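Inside the fold
What follows is the residue order along each chain.
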Amino acid sequence: MGLHFLPTDLLFLGTLMLGLVYCRNVARDPLARARWAKVLRSVGGGVASLVLALHVTVAVLDSVRVQSENEAPLTLLDHLLTPLRTGVETTYSAPFSTHAYARENLESAPGTWVRDYPRLQFGGRHLVHPEEEAAGDIARRSLRGAAIGLASLGLLTLIINLVRRRPPGRAWRQWFEPAWRWHWFALGILCLGVGIVGNLAGGWHVLGTDKVGQDVLYLSLKSVRTGLVLAVLASLITLPIAVVLGILAGYLQGWVDDVIQYLYTTLSSIPGVLLIAAAALSLDLFLSREVGALHSLALRADLRLLALCAVLGLTGWTSLCRLLRAETMKLRTVEFIASAQALGSSPGTLLRRHLLPNLMPLVIITTVLDFSSLVLAEAVLTYIDIGVDPSTESWGNMINGARLELAREPVIWWSLAAALGGMFGLVLAANIFADTVRDAFDPRLDPAARGTHGLA
Amino acid sequence: MALASTHTGDDFVTIWFLRRLAYVLPILLGVNLLTFALFFVINSPDDMARRHLGERHVTTAAIADWKRAHGYDRPAFINADRSGTAVVTDTLFFTGSVRLFSLDFGRSDGGRHIAWDIRQRMWPSLAIALPVLILELIIAVPLGLAVALLRGSTFDRGLTLLCVASMAISSLFFIIAGQFLFARLLRLIPISGFAEGWGAIKFLLLPVMVQVLAGLGARVRWNRTVFLEEISREHVRTARAKGLAETRILFGHVLPNALLPLITTIVVTLPGLFLGSLITESFFAIPGLGSYTIDAIQNQDFAIARTMVFIGSLLYILGLLLTDLAYAWADPRIRLGSG
């Protein structure tokens, strides 16, 4: 037993640590604190952050790998979802079905063979007469799940009240405070959903199984990590480049400005998909040559994900850089900075005390806005074979595989629906979050700055 | 400024325009350099030759022949064997780039005439891109204007919510759902493919519809912001305070000013118009420039990829230039040479 980390695990968890450090700084800074409080208090921002928090939790659980004996390292999420992970069928099966999708030769009595749909290994295995008992079992499990969900909501309320030092007897009043009503409602829905789905998944394939019989719910939960890691790490690479170059160009001006402007105009004049495709293929060739068969498959897939993050990050900094350059140029002429300069404060102090705090809203807004386009880009890039490794669980891979499944009879829709639904949930939450962040930090930002990765 | 003041306004714009035009060359050179580096730093001509000739049973002589035939036998940037300017000019980078600048695209690594291919394939791309552009304008501009005028109403809130939701849907969903619904279930149109002449219409219907739908949410929201910005300007408020009729404010003050940002968005889509939508074309098996480029990248055909990147950036830069010109023409400070 021991912990085991892949490169993207470390980078992802490290970035989250940085995020926590930022949160601590926010707590000390009254202005930033007021802005973030505004985001969290608004209905859209609050509900979206709840959904995003759930996604982040899943991704973190899926980024801590435990090395066990004789086995490939499994993540905490894998251990949590053991029944789903190990309940593998032979091939497709529809959601909540008890029988497989394809007929097989079955031995009905010794010596006599019939061609029929076999029972599933996992889905509804606990039932003796699946046809009659299925509906009742699903209803029972749903009810039990709902009860667990409600109980955990109550527990959560209690904990929040204890943390905020309110008498627990008044917990119910929280529901009726108009400012927080929708937050509680959303939290309740989430608790109910997790409880019901979690309880059903103990005995059924809630979202069916895919071609090799893997549970689709399990796959789409694993895809959350891929999407988040991609968006977070690409932003992590974009930020320093854009911030350093943007401030340098805007602050120093002259030939430095010319060079940096030239750099980003050149880079952004190449059609985005082409640049990403060329860079990804080159990196891919490099990886297959340098890393080769030396390391495990998991490591190679992980390095490919990292390479994709690098490509998206290295090609995506131009719009933020352009905005930061313009903003720095504007700030330079503002009186308080000009006077600080005249009073002889060093460039370092000027940067830290005056420039960075004023550029921060722009950085935050643009990063949050770009986040969802990065998640969407993954699916498109994976479709044209320059995305993540085929062995990585991702929504792009699920959609890619599902294209042929739609042509079958009966139609296999569940993989596709799960992937598109999963992406929709994350991206919608990120978009709404981004909108409220923009409203809280700067209501008059240029909307044209949106999305360098507007693919397709 | 003494020099500028002796010029009339037109001269000023001309000089300014020529300066901007001169800026195009280094950018295109940079684009070429980048494409070149991306392909060759990691992927040597030897690798390319081996890939085109087949991985096995390739003699070094065959590789050398292939490289000579396709012009990859020169050194990349500096030819130490030559003297004078030939040190720089007789190189892989220089010969390839100069040809592009004179719009001579040469042959692909597979031996096809690139210019001929492009002439063949640009029509299917345009046949999708132009209707998409026009439809988007026809639908998104009035809708954006309507929500901007009715801001704060239930209609505005509902439509904005719809836009945010549609922006969260992957473009792949529209393609897959469209193909499934119209081609498989209803059997109204073929799933994918292309035909010459008027027969192409039934193949183009779905891709056009899908692309319009996928882009509509973002487009309407953007137009809404543009119109809101214009409506909240001071001169509009003044006009309203003067008691001008709402329609006259709209057509006299808001629309003309909002035209520029709208033109910008159209101009920026220019390379997209020509290059086609990579994803849509490859999904619907339409023989346009988008699928051409994707195929080239997947087959590592450097000659085609370089050409398409070059054309794409050329169009982008020309688009930027046109936008600047439009702004300059509309802005009296630039037009009259005082700024």
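The shown structure was predicted, so the numbers you read here are calculated from the model rather than taken from an experiment.

Focus on the overall build of chain B
Summing up its helical and strand segments, chain B has 17 helices and zero strands in all. Counting all 339 residues of chain B, 45% fall into the buried class. Residue pairs in contact within chain B that sit at least 24 positions apart in sequence constitute 68% of those at least 6 positions apart. Here chain B has roughly 17,400 Å² of accessible surface; of this, 66% comes from carbon and sulfur atoms.

Topic: the packing of helix H16 (residues 414-441) of chain A against helix H8 (residues 154-167) of chain B
Relative to each other, H16(A) and H8(B) sit at 130°, their axes nearing to 8 Å. Considering the angle they form, H16(A) stands oblique to H8(B). H16(A) and H8(B) meet at a crossing whose hand is right-handed. In contact with A:Phe424, A:Val427, A:Leu428, A:Asn431, A:Ile432 and A:Asp435 of H16(A), H8(B) contributes B:Val164, B:Ala165 and B:Met167. Of the residues contributing to the contact of H16(A) with H8(B), the split by class is seven nonpolar, one polar and one charged.

Here's the deal with the interface of chain A and chain B
Chain A puts 50 residues into the contact, and the matching count from chain B is 45 residues. Summed over both sides, the interface between chain A and chain B buries roughly 4,000 Å², with carbon and sulfur atoms accounting for 72% of that surface. Salt-bridge contacts for B:Arg221 lead to A:Asp435; the nearest nitrogen and oxygen are separated by 3.0 Å. At the junction of chain A with chain B, the criterion picks out three residue pairs in polar contact (both at pLDDT 80 or more). Tallying contributions element by element places helix H10 (residues 272-290) of chain A first for the side of chain A that touches chain B, with 11 residues. Class assignment for the residues of the side of chain A that touches chain B results in 32 nonpolar, seven polar and 11 charged.

Regarding the environment of A:Val334
Mapping A:Val334 onto the fold places it in the loop between helix H12 (318-332) and helix H13 (335-342). Look at A:Val334 and you get partly exposed, because its relative accessible area is 31%.

Details of the pattern of salt bridges
Pairing of side chains with opposite charge becomes possible as their charged atoms draw close. Enumeration over the complete set of coordinates arrives at 14 salt bridges over all chains. With a shortest N-O distance of 3.9 Å, A:Arg140 and A:Asp137 are connected by a salt bridge. You can see A:Arg140 and its partner A:Asp137 sitting in helix H6 (residues 130-163), three residues apart, about one turn around the helix. The shortest N-O distance in the salt bridge between B:Glu230 and B:Arg233 comes to 3.2 Å. Classification of B:Glu230 by relative accessible area gives buried; the value is 5%. On the basis of relative accessible area, B:Arg233 is assigned to the partly exposed category, the value being 37%.

A short note on the pairing of strand S5 (residues 112-116) of chain A
Residues and elements named next belong to chain A. Two elements, strand S4 (residues 104-109) and S5, share five bridges in a ladder whose sense is antiparallel. The residue of S5 that forms the bridge with Glu 104 is Asp 116. Taking the residues between adjacent antiparallel strands as the criterion, S4 and S5 are bridged by two residues, where Gly 111 takes a positive phi near 95°.

Description of empty space enclosed by the protein
Residue and element names in this part refer to chain A. Applying the stated rule across the entire model yields five cavities of 30 Å³ or more. The space that makes up the second largest cavity amounts to roughly 80 Å³. Together, Ala 280, Leu 281, Leu 283, Asp 284, Arg 304, Ala 307, Leu 308, Val 311, Asp 385, Ile 386 and Gly 387 line the second largest cavity. Elements with a minimum of two residues in the lining of the second largest cavity: H10 and helix H11 (297-315). When its residues are assigned to classes, the lining of the second largest cavity shows seven nonpolar, one polar and three charged.

Things to note about the sheet that holds strand S2 (residues 65-67) of chain A
Hydrogen bonding along the main chain pairs the strands of a sheet, whether they run parallel or antiparallel. All names here are of chain A. With antiparallel pairing, the three strands of this open sheet are ordered in space as S1-S2-S3. Edge positions in the sheet fall to strand S1 (2-4) and strand S3 (74-75), since each has one partner strand and no second. Bridge count between S2 and S3: two bridges; the pairing is antiparallel. Of the residues in S3, the one forming a bridge with Val 66 is Leu 74.

A look at the domain arrangement of chain A
All names here are of chain A. By the assigned domains, chain A splits into domain 1 (88-201) and domain 2 (221-449). Taking only C-alpha atoms into account, the centre of domain 1 sits 36 Å from that of domain 2. Contacts between the two partners involve five residues from domain 1, matched on the other side by seven residues from domain 2. Surface buried jointly by domain 1 and domain 2 totals about 540 Å² across both partners, of which 68% is contributed by carbon and sulfur atoms. On the domain 1 side of the interface with domain 2, the three residues burying the most area are Tyr 92, Pro 95 and Tyr 101, jointly 86% of the side's total. Inspection of the region where domain 1 meets domain 2 yields zero salt bridges. Where domain 1 meets domain 2, there are two residue pairs in polar contact (both at pLDDT 80 or more). For the side of domain 1 that touches domain 2, a count of residues per class yields four nonpolar, one polar and no charged.

Brief notes about the nonpolar core
Ranked by internal contacts, the top residues of the largest apolar core, which has 170 residues, are A:Ile399 and B:Ile279. By residue number, the principal contributor to this core is helix H8 (residues 216-252) of chain A, which donates 18 residues. If sequence neighbours within four positions are ignored, A:Ile399 has contacts with A:Ala379, A:Leu416, A:Ala419, A:Leu420, A:Met423, B:Leu172 and B:Ile176. Counting residues in each nonpolar core, the second largest holds 14 residues, with B:Val236, B:Ile249, B:Val254 and B:Ala258 among its members.

As for the side chain of A:Lys222
Residues and elements named next belong to chain A. You can see Lys 222 is positioned in helix H8. The exposure class assigned to Lys 222 is buried, which follows from its relative accessible area of 7%. Excluding its chain neighbours within four sequence positions, the residues that come into contact with Lys 222 are Asp 62, Thr 75, Leu 77, Asp 78 and Glu 393.

The rules behind these values
Residues numbered from 1 in each chain as written. Chains lettered and ligands numbered in written order. Predicted model: local features only at pLDDT ≥ 70, side-chain atom pairs only at ≥ 80, totals over all residues. Heavy atoms only, no water. Helix = DSSP H or I, 4+ residues; strand = E, 2+ residues; numbered from the N terminus. Buried < 20%, exposed > 50% of the residue type's maximum accessible area, 1.4 Å probe, protein only. Contact = heavy atoms within 4.5 Å. Areas by Shrake-Rupley, 256 points an atom, 1.4 Å probe, with all protein chains shown as cover. Axes fitted to C-alpha atoms, helices over the stretch in contact; angles between N-to-C directions. Parallel < 35°, antiparallel > 145°, perpendicular 65-115°, else oblique. Left-handed = near helix turned anticlockwise from the far one by under 90°. Nonpolar A, V, L, I, M, F, W, Y, C, P; charged D, E, K, R; others polar. Buried area = accessible area lost by both parts, 1.4 Å probe. Salt bridge = Lys/Arg side-chain N within 4 Å of Asp/Glu carboxyl O. Polar contact = N/O pair within 3.5 Å; in protein donor to acceptor, adjacent residues only side chain to side chain. Pairing = 2+ DSSP bridges. 1 Å grid on protein atoms, 1.4 Å probe; cavity = no way out; pocket = protein on both sides within 12 Å on 5 of 7 lines; lining within 4 Å. Points joined across faces, edges and corners; volume = space filled by probe spheres on them. Domains from an automatic or database assignment. Core = buried A, V, L, I, M, F, W, Y, C linked by side-chain atoms within 4.5 Å.

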